[in-house]
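Here's the letter readout for the chains.
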Amino acid sequence: MPELPEVECIVRDLRECLTGKLIRRMDFMFFQMLRGVKPDDFRRKICGKIISQVKRRGKYILIFLSGDTVLEIHLRMTGRLLYHSVPFSPGKYTGVIFYLQNEEQLHFEDIRKFGTFTIYEKGEQLRSFFLGPDPVEDEFFSEELFLKILEKRPHSTIKSFLLDQKNIAGLGNIYTDESLFMAGIHPSRKVNNLTTEEKKYLFEAVCQTLKEGICSRGTSFSDYRDLWGNEGEFQKKLKVYRRVGEPCVRCRGTVERKVVAGRGTYICPSCQPL
DNA sequence: AGCTGTACCTGCAGGC
DNA sequence: TGCCTGCAGGTACAGC
């Protein structure tokens with residue numbers, strides 16, 4: 001579900017709502033999200049701690065707690081975090097409730113139960129540390145760096161390159177297809193037969209698409225909701241994603257769907273020639 | 001190196 | 001109405 005823009009919106013709101021607050025206790029409805037830790041141990045490591053910072057790296061949410069503990073959350077396809085200022089009953093898909101100060105609660109919901117929680121103690125290396133640069137978070141992410149990373153993967157198709165979080169952190173299926181459309185590049189093209197000009201267009205397209213996604217508060221075509229349960233707006237601005245059969249906004253040709261890198265992929269064949 | 005298929009889960013839309 | 005199939009925003013892993 002959420003890609004970089006959606007996670008960024010959630011993180012900004014979490015930062016606003018949670019910074020400085022105490023986690024009093026927590027309840028589990030299911031605990032498949034826990035990675036390498038049992039529910040009781042998890043509870044012991046979290047409860048009684050203060051939330052000091054909330055950050056993001058790619059699609060990971062990082063919640064820093066007092067005592068050098070970090071909770072790393074990945075929402076995968078259908079995970080949601082929802083804030084309630086007053087007590088709220090768990091729904092069918094609620095997996096965890098964090099009870100904060102006063103009456104506040106943070107709920108984790110996940111229909112497909114793919115989401116993950118990993119806990120790190122002092123000095124342990126976060127999984128998200130091993131990702132490529134984050135186009136929004138990292139000031140050093142530049143056109144020059146983008147070109148350099150592309151050179152390391154000459155035989156990859158450009159779509160699988162963009163989806164691989166070890167290259168660039170944060171793009172998923174939606175923003176990849178939208179960026180490739182904006183740059184006029186077919187997703188099956190090999191990295192090493194893109195021209196330098198095309199690579200530069202793509203750099204701009206990636207940065208701009210992600211920024212617009214954030215400004216529109218993310219894409220909700222079905223599952224994504226922000227911390228308050230509200231939908232984003234970017235689904236109204238998508239140019240190719242899930243628009244199969246509809247006219248291309250640029251050339252009035254027809255948007256097509258095909259499978260590239262094992263994923264449903266949307267293109268305008270005339271704007272993005274092979 | 002890079003691709004494909006499979007697995008993890010549940011819901012939903014479409015065809016019959 | 002009901003059953004079946006395929007699809008879904010992500011990632012990890014086995015195998016070619």
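Please refer to the structure placed before this passage.
For the structure given in this document, a descriptive report is provided here. Computed from a predicted model, the values in this text were never measured in an experiment. (Residues numbered from 1 in each chain as written. Chains lettered and ligands numbered in written order. Predicted model: local features only at pLDDT ≥ 70, side-chain atom pairs only at ≥ 80, totals over all residues. Heavy atoms only, no water.)

Quick look at helix H1 (residues 4–18)
Here comes step 1: For H1, built from 15 residues, the straight-helix expectation of 21 Å at 1.5 Å per residue is met to within 8% by its first-to-last C-alpha distance of 20 Å.
Here comes step 2: Those residues of H1 lying buried are Leu 4, Pro 5, Glu 6, Val 7, Glu 8, Cys 9, Ile 10, Val 11, Asp 13, Leu 14, Cys 17 and Leu 18.
Here comes step 3: The inward-facing, buried residues of H1 abut strand S2 (51–57), strand S3 (60–65), strand S5 (79–84), strand S7 (105–110), helix H5 (173–183) and helix H6 (196–215). (Helix = DSSP H or I, 4+ residues; strand = E, 2+ residues; numbered from the N terminus. Expected span 1.5 Å × (residues − 1). Buried < 20%, exposed > 50% of the residue type's maximum accessible area, 1.4 Å probe, protein only. Contact = heavy atoms within 4.5 Å.)

Description of the protein's contact with DNA strand C
Here comes step 1: As a matter of local geometry, DNA strand C sits amid 23 residues, with Thr 219, Ser 222, Tyr 241, Arg 257 and Arg 263 nearest to it.
Here comes step 2: Sugar plus phosphate: this is where 56% of the atoms of DNA strand C within 4 Å of the protein reside.
Here comes step 3: Between DNA strand C and Thr 219, the relevant distance is 2.6 Å, taken from a base nitrogen to a main-chain nitrogen or oxygen of the residue.
Here comes step 4: Between Arg 242 and DNA strand C, the recorded distance is 3.5 Å, taken from a side-chain N or O atom to a sugar or linking oxygen.
Here comes step 5: Breaking the surface near DNA strand C down by element, the ones donating at least two residues are H5 and strand S10 (263–267).
Here comes step 6: Looking at the surface near DNA strand C residue by residue, the classes come out as seven nonpolar, seven polar and nine charged. (Near = heavy atom within 4 Å. Polar contact = N/O pair within 3.5 Å; in protein donor to acceptor, adjacent residues only side chain to side chain. Nonpolar A, V, L, I, M, F, W, Y, C, P; charged D, E, K, R; others polar.)

Observations concerning the packing of H5 against H6
Here comes step 1: H6 packs onto H5 with a crossing angle of 130 degrees between their chain directions and a minimal axis gap of 8 Å. Considering the angle they form, H5 stands oblique to H6. In the packing of H5 onto H6, the handedness of the crossing is right-handed. Residues Tyr 175, Glu 178, Ser 179, Leu 180, Met 182 and Ala 183 of H5 touch H6, and the partners they reach there are Tyr 201, Leu 202, Ala 205, Val 206, Gln 208, Thr 209, Leu 210 and Gly 213.
Here comes step 2: Residues of the contact of H5 with H6, tallied by class, amount to nine nonpolar, four polar and one charged. (Axes fitted to C-alpha atoms, helices over the stretch in contact; angles between N-to-C directions. Parallel < 35°, antiparallel > 145°, perpendicular 65-115°, else oblique. Left-handed = near helix turned anticlockwise from the far one by under 90°.)

Considering the pattern of salt bridges
Here comes step 1: Using the criterion set out here, one finds 20 salt bridges in the structure.
Here comes step 2: Here Lys 45 and Glu 121 are joined by a salt bridge, their closest N and O atoms 3.4 Å apart. Taken together, the residues span a long stretch of sequence, with Lys 45 in helix H2 (residues 39–46) and Glu 121 in the loop between strand S8 (116–120) and helix H3 (143–151) at a distance of 76 residues.
Here comes step 3: Beyond isolated ion pairs, a larger network of salt bridges with shared partners links Glu 8, Arg 12, Arg 56, Asp 134 and Glu 137. (Salt bridge = Lys/Arg side-chain N within 4 Å of Asp/Glu carboxyl O.)

Looking at the sheet that holds S8
Here comes step 1: If you walk across this open sheet you meet the four strands as S2-S3-S4-S8, and the pairing is antiparallel. Looking at which strands have only one partner, the edges of the open sheet turn out to be S2 and S8. Pairwise comparison of adjacent strand axes, ignoring direction, gives a mean angle of 20 degrees for this sheet.
Here comes step 2: Lying on the sheet, H1 is in contact with S2 and S3; it crosses S2 at an angle near 170 degrees.
Here comes step 3: Running over the sheet, H2 touches S3, strand S4 (69–74) and S8 and is turned about 55 degrees from S8. (Pairing = 2+ DSSP bridges.)

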